[in-house]
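Chain by chain, the residues:
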Amino acid sequence: MQPVLQIRQTPARIGIDADLGSFSITQPKAEVSITTTPGELSVQSTPPELIIDQTRARAAYNGGSVLDMNRRIYSGIQQLYLQAIARRVEQGTRMAEFFKPGNSIAEIVGTDTEPNSFPEPCGPASYDNVDLRYEARAPEINFRPATVDIQVERHRPETEYTRGKLDIYMQQYASVQFIPPELNVQM
C-alpha cells in the first residue's frame, strides 16, 4: 500500500457578540393654567304703575276743578243764549202773523213763563267715569357670559438612545495541517 499524505483543514470562525441599543423617551407633563371669569346677570326692574284718573267722576259729583266747571257753564250759556235767540225769533214770527186766527200775543206771553235754566255745572254721571291705566315695564336684563382662559405650556419629549455593543472577534483561526505518512527509514 502506498502511503497517503493527510491534510487536515480547520475553517476560520468569526464570533460576533451584539447587544441591541435602547431608547429612553420621557416627556414632562404639560403645565396648564386655567383662569375663569364668572358670568354676570343683572336684572333691573321698575315697579308697575297703576294710574287712576277720577277727574270725570269728580266733575260728575261736584263739578270738578273751577276751571272745568267754568268751561262747562260758559259753553252751556252759549247754547242757552242761542236757544233763547231762536225762541225770540220764533215768537217774533208768530207775532208778525197777527192776521191768523187766535190771540198771538196771549199765546206768546202765556208760553214764556218758564224760567231760563242755568247750565249744568257738573259733568255727566256714568258708571265708567273712573279711568284705570296699568303700566308694566319689561325688566332690563344684562348678561355677560363667563369666560375661560386656558394656557397650556407643553414640553418636548426628551429622547435618549444608548448604543448597543458590537464585538467582532476571531473565534477560531483557519489552519491547514499536513500529516505525512509514516516512512520506514530503515534500509
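Above this text is the structure in question.
Quick look at the structure, then.

Criteria and thresholds
- Residues numbered from 1 in each chain as written.
- Predicted model: local features only at pLDDT ≥ 70, side-chain atom pairs only at ≥ 80, totals over all residues.
- Heavy atoms only, no water.
- Helix = DSSP H or I, 4+ residues; strand = E, 2+ residues; numbered from the N terminus.
- Rg over C-alpha atoms; globule rule 2.2 N^0.38 Å.
- Buried < 20%, exposed > 50% of the residue type's maximum accessible area, 1.4 Å probe, protein only.
- Contact = heavy atoms within 4.5 Å.
- Areas by Shrake-Rupley, 256 points an atom, 1.4 Å probe, with all protein chains shown as cover.
- Lys, Arg positive; Asp, Glu negative; His and termini not counted.
- Charge placed at Lys NZ, Arg CZ, Asp CG, Glu CD.
- Patch = residues over 30% accessible without salt bridge, like charges linked within 9 Å, V, L, I, M, F, W, Y side chains within 5 Å.
- Salt bridge = Lys/Arg side-chain N within 4 Å of Asp/Glu carboxyl O.
- Pairing = 2+ DSSP bridges.
- Polar contact = N/O pair within 3.5 Å; in protein donor to acceptor, adjacent residues only side chain to side chain.
- Arc of directions from axis to C-beta.

**Some remarks on the overall build of the chain**
In step 1: Along the chain, the regular secondary structure elements total three helices and 12 strands.
In step 2: Since a compact globule built from 187 residues should have a radius of gyration of about 16 Å, the 67 Å found for the chain marks it as more spread out than a globular shape.
In step 3: Along the three orthogonal principal directions, the C-alpha set of the chain runs to about 220 × 35 × 20 Å.
In step 4: Within the chain, the proportion of its 187 residues that are buried is 7%.
In step 5: Intrachain contacts of the chain at a sequence separation of at least 6 include 91% that bridge at least 24 residues.
In step 6: On the chain, roughly 16,900 Å² of surface is accessible, and the fraction owed to carbon and sulfur atoms is 56%.
In step 7: Taken together, the 18 basic and 23 acidic charged side chains of the chain have centroids lying 2 Å from each other.

**Regarding the environment of A146**
In step 1: Looking at the secondary structure, you find A146 in the loop between strand 8 (140-144) and strand 9 (147-153).
In step 2: For A146 and T36, which are 110 residues apart along the polypeptide, the C-alpha to C-alpha distance reads 7.2 Å.
In step 3: Residues within four places of A146 in sequence aside, it is in contact with T37, P38 and G39.

**Concerning a nonpolar patch on the surface**
In step 1: Taken together, I14, I16, L166, I168, M170 and Y173 make up a surface patch of nonpolar side chains, about 690 Å² in accessible area.
In step 2: Going through the elements one at a time, strand 2 (13-18) and strand 11 (166-172) are the ones with two or more residues in the nonpolar patch.
In step 3: Its location among the elements puts L166 in strand 11.
In step 4: For L166, a relative accessible area of 59% corresponds to the exposed category.

**Focus on the pairing of strand 8**
In step 1: Counted residue by residue, strand 8 has zero buried out of five residues, so it is predominantly exposed.
In step 2: Here strand 5 (residues 40-44) runs beside strand 8; their pairing, made up of five bridges, is antiparallel. Each residue of the ladder has a partner; that of Q44, found in strand 8, is E140.

**Looking at the pattern of salt bridges**
In step 1: In total, this model carries seven salt bridges according to the counting rule given.
In step 2: A salt bridge links R56 to D131; the nearest nitrogen and oxygen atoms lie 2.7 Å apart. Highlighted residues: R56 in helix 1 (residues 55-62) and D131 in strand 7 (residues 131-135), separated in sequence by 75 residues.
In step 3: Judged by its relative accessible area of 40%, R56 is partly exposed.
In step 4: Residues E135 and R137 are paired through a salt bridge, measuring 4.0 Å at the closest nitrogen-oxygen approach.
In step 5: Using a relative accessible area of 43% as the deciding quantity, one classes R137 as partly exposed.
In step 6: By sharing partners, the salt bridges in this structure join E49, R133, E135 and R137 into a single network.

**Observations regarding the environment of M69**
In step 1: Mapped onto the elements of the fold, M69 is located in helix 2 (residues 66-96).
In step 2: It is 174 Å that separates the C-alpha atoms of M69 and L183, two residues lying 114 residues apart in sequence.
In step 3: Residues within four places of M69 in sequence aside, it is in contact with N62, G63, G64 and P121.

**Side note on the side chain of N129**
In step 1: With respect to the element layout, N129 can be found in the loop between helix 3 (104-111) and strand 7.
In step 2: A polar contact is formed between the side chain of N129 and the backbone oxygen of P124, at a distance of 3.1 Å.

**Details of helix 1**
In step 1: Residues of helix 1 that are buried include every one of A57, A59 and A60, and no others. The buried residues of helix 1 occupy an angular sector of 160° when projected down its axis, which confines them to one face. Structural note: helix 1 exposes Y61 and N62 on the side pointing more than 90 degrees away from its buried face.
In step 2: Residues of helix 1 that are buried make contact with helix 2.
In step 3: Count one or two residues on from helix 1 and you reach G63, which has phi positive near 95°.

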